[in-house]
Amino acid sequence: MKKTLSVSAIENGTVIDHITSGQTLRIIKMLRLLNKKLTVTVGFNLPSKRIGLKDLIKIENHALTDKEASEITVLAPEATINIIQKFDVVKKIITSLPPNISGLFQCPNQQCITQKEKIESFFSISQQSRQVKLVCKFCEKAYDRNEVKVAS
Ligand SMILES: [Zn+2]
């Protein structure tokens, strides 16, 4: 029997695989993929030997930059990112956490100056025993990745 893929292959673009379940919509928003009018195909809760259930995003005719790839790592540390040309993987981006991230997330602290004034957010990223923390430059509080909202 012929093996069928859950999500069909793309000719050119980027495949973000092994995304932690629950982070996919946030990643799409963070990368502004829909605003850019890109063709995006998403698979939710696909079986994965490595991480149980995974999500997957395919972006047609768009290669993610190394910076965007490292920003994804903040939300989905296990993600693997491949650049595809003519149905072949031409580049595997080795992701690593960025030292800091600006403008993409909102500080959840109601008292934080970034909530009151139009200031671009800025978080330092730190990792303590597999736990990623985002530390706001302005209120100096540390947040879990799921506590910060993706800025719209
Ligand atoms: Zn803050």
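Residues numbered from 1 in each chain as written. Predicted model: local features only at pLDDT ≥ 70, side-chain atom pairs only at ≥ 80, totals over all residues. Heavy atoms only, no water.

Q: Tell me about the coordination of the zinc ion, and please be specific about residues and values.
A: Each protein donor to the zinc ion is listed here as Cys107 (SG), Cys112 (SG), Cys136 (SG) and Cys139 (SG); together their distances run 2.3 to 2.4 Å. Around the zinc ion, the 4 donor atoms are arranged such that angles at the metal cover 102 to 116°; this shape is classified as tetrahedral. Linear spacing of the donor residues for the zinc ion on their chain is C-x4-C-x23-C-x2-C. Of the two residues, cysteine 107 sits in the loop between strand S7 (105-106) and helix H3 (113-116) while cysteine 139 sits in the loop between strand S9 (131-136) and strand S10 (142-144), which places them 32 residues apart along the sequence. When sorted by exposure, cysteine 107 lands in the same class as cysteine 139, which is buried. (Donors = N, O, S within 2.8 Å, 3.2 Å for Na, K, Ca; no water. Tetrahedral: all angles 85-135°; square planar, octahedral: opposite > 155°, others 65-115°. Helix = DSSP H or I, 4+ residues; strand = E, 2+ residues; numbered from the N terminus. Buried < 20%, exposed > 50% of the residue type's maximum accessible area, 1.4 Å probe, protein only.)

Q: How would you explain the sheet that holds strand S6 (residues 100-102) if you had to name every residue and give the values?
A: The strand order S6-S8-S9-S10 describes an open sheet built from 4 strands, whose pairing is antiparallel. In the strand order of this sheet, the two ends are held by S6 and S10, each with one partner. Each strand axis lies, on average, 35° off the axis of its neighbour in the sheet, ignoring direction. Of the strand pairs in this sheet, S9 and S10 are connected by 3 bridges, and their pairing is antiparallel. Each bridged residue has a counterpart across the sheet, and for leucine 134 the counterpart in S10 is tyrosine 143. (Pairing = 2+ DSSP bridges. Axes fitted to C-alpha atoms, helices over the stretch in contact; angles between N-to-C directions.)

Q: Would you mind going over the packing of aromatic side chains in detail, with residue names and values included?
A: Inspection of every chain in the model, using the stated rule, returns 0 aromatic pairs. The ring of phenylalanine 122 has lysine 137 lying over it, and the distance from NZ or CZ to the ring centre is 5.2 Å. (Phe/Tyr/Trp six-rings, centres within 6.5 Å; stacked < 30°, edge-to-face > 60°. Lys NZ or Arg CZ within 6 Å of the ring centre and 35° of its normal.)

Q: Go over the pairing of strand S8 (residues 122-128), please, and point to the residues and values.
A: As paired strands, S6 and S8 are joined by 3 bridges and run antiparallel to one another. In the sheet register, isoleucine 101 faces S8, and the bridge partner there is phenylalanine 123. The pairing of S8 with S9 spans 6 bridges and is antiparallel. Of the residues in S9, the one forming a bridge with serine 126 is lysine 133. The loop that links S8 with its antiparallel partner S9 comprises 2 residues; one of these, serine 129, has a positive phi angle of about 40°.

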